[in-house]
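Summary of the model geometry
Spelled out, the chains give:
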Amino acid sequence: MKTLKPLTVGLLVSAFLLSSLAALAADKKAEKQAKPYPLNICAVSGEKLDSMGEPFVFVHDGREVMLCCKDCKGDFDKNIAKFVAKIDAAAKKVKAYPLQVCAVSDEKLDSMGEPFVFIHDGQEIKLCCKDCKKDFTKTPAKFMAKLSNAAKKAKK
């Protein structure tokens, strides 16, 4: 009987920890599959996303949401439908990605696993990995011109 209690406690603690890890993994998977945020501004305040430092990012109903700061989350929660409608309206105007390769490295999009996808100035961007975003951010005009040229060629 004395060994049964510690064994039971150990099993319960293990089950709790494993269920927590499984929930965390599910959250990460949902975050990866979330639709990218289509605006360059906070949906709540209208401020530029980097105006308050790093944007506050979370996933709501399968879509990524970026706010200029954590304080805007309370306002978002008070009127979710209004802000989701604003995000969805912007998402409908996003231009599709015109290439089969990474805009930065020209590698196949799946060469490094799941492509890193985001939206910049109304254009969907797909990169082979998150590291390529650093290069994109340094000279976005260069890569946006590349995508624009590819889209024009595809229309012909």
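Figured I'd write up the structure that's included with this text. (Residues numbered from 1 in each chain as written. Predicted model: local features only at pLDDT ≥ 70, side-chain atom pairs only at ≥ 80, totals over all residues. Heavy atoms only, no water.)

1. So, the nonpolar core
Tyr-37, Cys-42, Val-44, Leu-67, Cys-72, Phe-76 and Ile-87 are the most contacted members of the largest nonpolar core, which totals 18 residues. Those elements that provide at least two residues to this core are β2 (63-67), α2 (72-78) and α3 (80-92). When residues in this core are grouped by element, the largest group, four residues, is from α3. If we skip the residues at most four places from it in the chain, Phe-76 touches Val-44, Phe-58, His-60, Val-65, Leu-67, Phe-83, Val-84 and Ile-87. (Core = buried A, V, L, I, M, F, W, Y, C linked by side-chain atoms within 4.5 Å. Buried < 20%, exposed > 50% of the residue type's maximum accessible area, 1.4 Å probe, protein only. Helix = DSSP H or I, 4+ residues; strand = E, 2+ residues; numbered from the N terminus. Contact = heavy atoms within 4.5 Å.)

2. Re the pattern of salt bridges
Using the criterion set out here, one finds four salt bridges in the structure. The salt bridge involving Lys-138 is made with Asp-135; its shortest N-O contact spans 3.9 Å. A residue pair is termed a helical-turn pair when its members lie 3 or 4 positions apart in one helix, as Lys-138 and Asp-135 do in helix α4 (residues 132-138) at three residues. (Salt bridge = Lys/Arg side-chain N within 4 Å of Asp/Glu carboxyl O.)

3. Digging into the packing of aromatic side chains
Per the stated rule, a full pass over the model turns up six aromatic pairs. Consider the rings of Phe-58 and Phe-76, whose centres lie 5.3 Å apart with planes at 80°: the pair is edge-to-face. In this pair, Phe-58 sits in strand β1 (residues 56-60) while Phe-76 sits in helix α2, placing the two residues 18 residues apart along the sequence. Ring centres of Phe-76 and Phe-83 lie 6.0 Å apart, and the angle between their planes is 20°; on these two criteria the pair is classed as stacked. (Phe/Tyr/Trp six-rings, centres within 6.5 Å; stacked < 30°, edge-to-face > 60°.)

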